[in-house]
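# Structural overview
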Amino acid sequence: MTRGWLKKTGLVLGVTIAVAFSLVPFLLFVSSAFKTQTQVTAIPPTLWPSFSIDFFRSAVVRYGILGYLLNSVIVAGSTTLATIFLATLAGYALARLPRSWAYFSLLVILACAMFPQIAIVGPVWRFLRLMGWLNSYQGLVLPYVALTLPLAVWILALFFREMPAELEAAALVDGCSRIGALVRVIVPLSAPGLFTAAILTFIYAWNEFFLALLIVTDPVRQTMPVGIALFQGEHTVPWGEIAAASFITTAPLVVMVLLFQRRIVTGLSAGAIKG
Amino acid sequence: MIRADRKFLLALLAPAVLVLLVFIAAPITQSILLSFHRIIVGLPQLQNPFIGIENYQELLHDSVARHSFWVTIVFVTITTFSELFTGLLLALLINHRFPGRGSLRACVLVPWAIPTVVSAQMWRFLFNDSYGLINYMLFGNEVSQYVAWLAKPGTALFAIILADVWKTTSFAALLILAGLQIIPEELYQAARVDGAGVWRRFRHITWPLIRPSLLVALLFRTIDAFRVFDLAFVMTQGGPADATNVLQLYGYKKMFVEGWMGYGSAISVGVFVIVLILAVIYVRMVGRHLLEASL
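A quick note: this is a predicted structure, and the numbers were derived from the prediction, not measured.

The subject of this paragraph is the overall build of chain A. Per the secondary structure count, chain A includes 13 helices and zero strands. Counting from the amino terminus, helix and strand elements in chain A follow one another as α-α-α-α-α-α-α-α-α-α-α-α-α. Projected onto its principal axes, the C-alpha positions of chain A cover 70 × 70 × 35 Å. Out of the 275 residues in chain A, the part that is buried amounts to 49%. Within chain A, residue pairs in contact and separated by at least 24 positions form 73% of the contacts whose partners lie at least 6 positions apart.

Written out as structure tokens, the structure is:
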């Protein structure tokens, strides 16, 4: 009886600490977005904001946050589409090629995922300058596709492996072409896997900062993370506007995590151990 | 498998391989080549002469680089071990069956999903020297006691470590959780029948069985921690007195702020070699069979 009670208390305590540790710092920070200027830097701090939207207005009007947001949507959206397209083809090939080939390609692809970005960034920058793609959307999207491909290919290869080859055979008998069998039979059945890979790719591209900082120096084409990092006030740090921009950037991700946590967890652990 | 089919499959693989070649394999090769040249971005008239291993010799005598190396090592070691330890606790917690477990999993995933830049700004705000909540929690209204966390070498590095642990513990927890979930429940039941307590069950069942996934998490985290950039860039710009000048930030400054492309490439090759060695150890320890089994 007492043991059960002890266990329950321990569990509740553990859960409370885990949730507080994960959420409280962030809530304290983004609540600044809904405060007034004096509330943000007040000591003792105002815990309950007055739900003023001045900082959002200022972030939009004075700092042009919507432009950054649009760039982020375009870059992360195109990256996701391109990566998923290429990863579907490659993942399917890996799932159907003989094991030794698949293993070798997988090793190469994984090796690509482990390199520190600093090791590629100089030459990539020079290449993009040569092509005139610095400060352009494709200048960001292409490297992002390369960096997100490995994980997406792996997730999809694991997924396609589970699909019996008889499915395609049946489609071929029914008069489908080889590509047609992939597009009409395998892809629709793989929607959950595709979705997982797409979420992870999108989150990566949405959050990426290092390359975005180097490749895009023109504020007109910069993405949200760069905007948030480089936010400058005239005299003081514009915490309210930074918090407002952070709120806008993070809200879609939090919604995605809350809705699709199961998929995300499966995808992430596929990156390390068999899912 | 018919021959024509193999050609078709290789054709499907080709576009992805091409992208990886152009944007990852070729740049790495070129980084190595560039590191043997003197290239200064603003001075093309120097014509990028070949200078052999001069950049590397300079790197060995560069006290900032050496300092940066040790800062990175300290950062990587402390963050990885803290993340694995808290990650293990978190994984053990989530592995329990209780109502609201899904919501808990979603909550701990939130820091992982937040852009690093946002979490960096968040910690910069919380660590602020005059109105930061961390100072308020520690010293209340006694403003004279407030610590300028990000302006002192020791505490600035600590702040960045804390920010990283906050953000990636959940990732480590998920990897460990994947290992926990494949342990059959019967093992615990049998041990309970034999009268084994909580600690002995952990020591003799859980620990040996999750070691592979701990190892995977360890090396994934180590390799990733070497890439730290965003936190240091936003929270401290590498300061104060280079206390948080991690390798990737130092390389960035040399290449893109000062324009020393060749020298910066030597730094990046150095980082690359360290990570490569770790990756080889990783594959060795995890074992080929585990990787093969996963496909």
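Anyway, onward from the coordinates.
Right, let's get into the overall build of chain B. Assigned secondary structure in chain B consists of 13 helices and zero strands. Along its sequence from the N terminus, chain B presents helices and strands in the succession α-α-α-α-α-α-α-α-α-α-α-α-α. In terms of overall dimensions, chain B has C-alpha extents of about 80 × 80 × 30 Å along its principal axes. For chain B, contacts bridging at least 24 residues in sequence account for 70% of all contacts bridging at least 6.

So, on to helix α9 (residues 198–225) of chain B. All names here are of chain B. When the terminal C-alpha atoms of α9 are compared, their 33 Å separation across 28 residues is substantially less than the 40 Å that a helix rising 1.5 Å per residue should span. Of all the bends in α9, the greatest, near 50 degrees, is centred on R211, and the proline P212 appears no more than four residues after it. Those residues of α9 not exposed but buried are I210, S213, V216, A217, L218, L219, F220, R221, T222, I223 and A225.

Okay, the interface of chain A and chain B next. With 74 residues of chain A at the contact, the number on the chain B side is 79 residues. Of the residues contributing to the side of chain A that touches chain B, the split by class is 58 nonpolar, 12 polar and four charged.

With that settled, the discussion passes to the environment of P225 of chain A. Topologically, P225 of chain A is positioned in helix α12 (residues 224–230). Spatially, the C-alpha atom of P225 of chain A lies 6.4 Å from that of N207 of chain A, the residues being 18 residues apart in sequence. Excluding residues that lie within four positions of it along the chain, P225 of chain A makes contacts with N207, E208, F209 and A212 of chain A together with P115 and V117 of chain B.

All names here are of chain B. Two numbers describe how helix α3 (residues 63–95) lies on helix α7 (residues 153–180): the axes approach to 6 Å, and their chain directions differ by 45 degrees. Taken as axis vectors, α3 and α7 run oblique relative to one another. Two packed elements cross with a definite hand, and for α3 against α7 that hand is right-handed. Taken together, the residues of the contact of α3 with α7 break down into 18 nonpolar, eight polar and two charged.

With that out of the way, let us pick up unusual backbone geometry. Residue and element names in this part refer to chain B. Here the amide bond leading from G239 into P240 is cis, since omega sits at -15 degrees, within 30 degrees of zero. Even without glycine at this site, Q237 takes up a positive phi of about 55 degrees. Within the element layout of this structure, Q237 appears in the loop between α10 (230–235) and α11 (247–257). Exposure remark for Q237: the 13 C-beta atoms within 10 Å place this residue in the partly exposed category. Positioned with a positive phi, A241 is a non-glycine residue whose angle comes to about 50 degrees. Accessibility expressed as a C-beta count within 10 Å gives 12 for A241, which makes it exposed.

The next thing to look at is the confidence of the model for chain B. In the predicted model, chain B carries a mean pLDDT of 88, and 95% of its residues have values of at least 70. Interface confidence for the predicted complex, given as ipTM, is 0.91, next to a pTM of 0.92.

Residue and element names in this part refer to chain A. With 14 residues, helix α6 (residues 118–131) extends 20 Å from end C-alpha to end C-alpha; this agrees with the ideal 20 Å at 1.5 Å per step. Residues of α6 that are buried include every one of I118, A119, I120, V121, G122, P123, V124, W125, F127 and L128, and no others. Just past α6, the residue G132 takes up positive phi, approximately 75 degrees.

Time to look at the environment of L134 of chain A. Tracing the chain through its elements places L134 of chain A in the loop between α6 and α7 (137–161). For L134 of chain A and G267 of chain A, which are 133 residues apart along the polypeptide, the C-alpha to C-alpha distance reads 32 Å.

With that out of the way, let us pick up the environment of T86 of chain B. Residues and elements named next belong to chain B. With respect to the helices, strands and loops of the structure, T86 is situated in helix α3. Along the chain, T86 and V64 lie 22 residues apart, while their C-alpha atoms are 32 Å from each other. Ignoring anything within four residues of it in the chain, the contact list for T86 reads V165 and T169.

Basis of the calculations
- Residues numbered from 1 in each chain as written.
- Chains lettered and ligands numbered in written order.
- Predicted model: local features only at pLDDT ≥ 70, side-chain atom pairs only at ≥ 80, totals over all residues.
- Helix = DSSP H or I, 4+ residues; strand = E, 2+ residues; numbered from the N terminus.
- Buried ≥ 20, exposed ≤ 12 C-beta atoms within 10 Å, placed from the backbone.
- Contact = placed C-beta atoms within 7 Å.
- Expected span 1.5 Å × (residues − 1).
- Bend = angle between axes of the 7 residues up to and from the residue.
- Nonpolar A, V, L, I, M, F, W, Y, C, P; charged D, E, K, R; others polar.
- Axes fitted to C-alpha atoms, helices over the stretch in contact; angles between N-to-C directions.
- Parallel < 35°, antiparallel > 145°, perpendicular 65-115°, else oblique.
- Left-handed = near helix turned anticlockwise from the far one by under 90°.
- pLDDT = per-residue confidence, 0-100.

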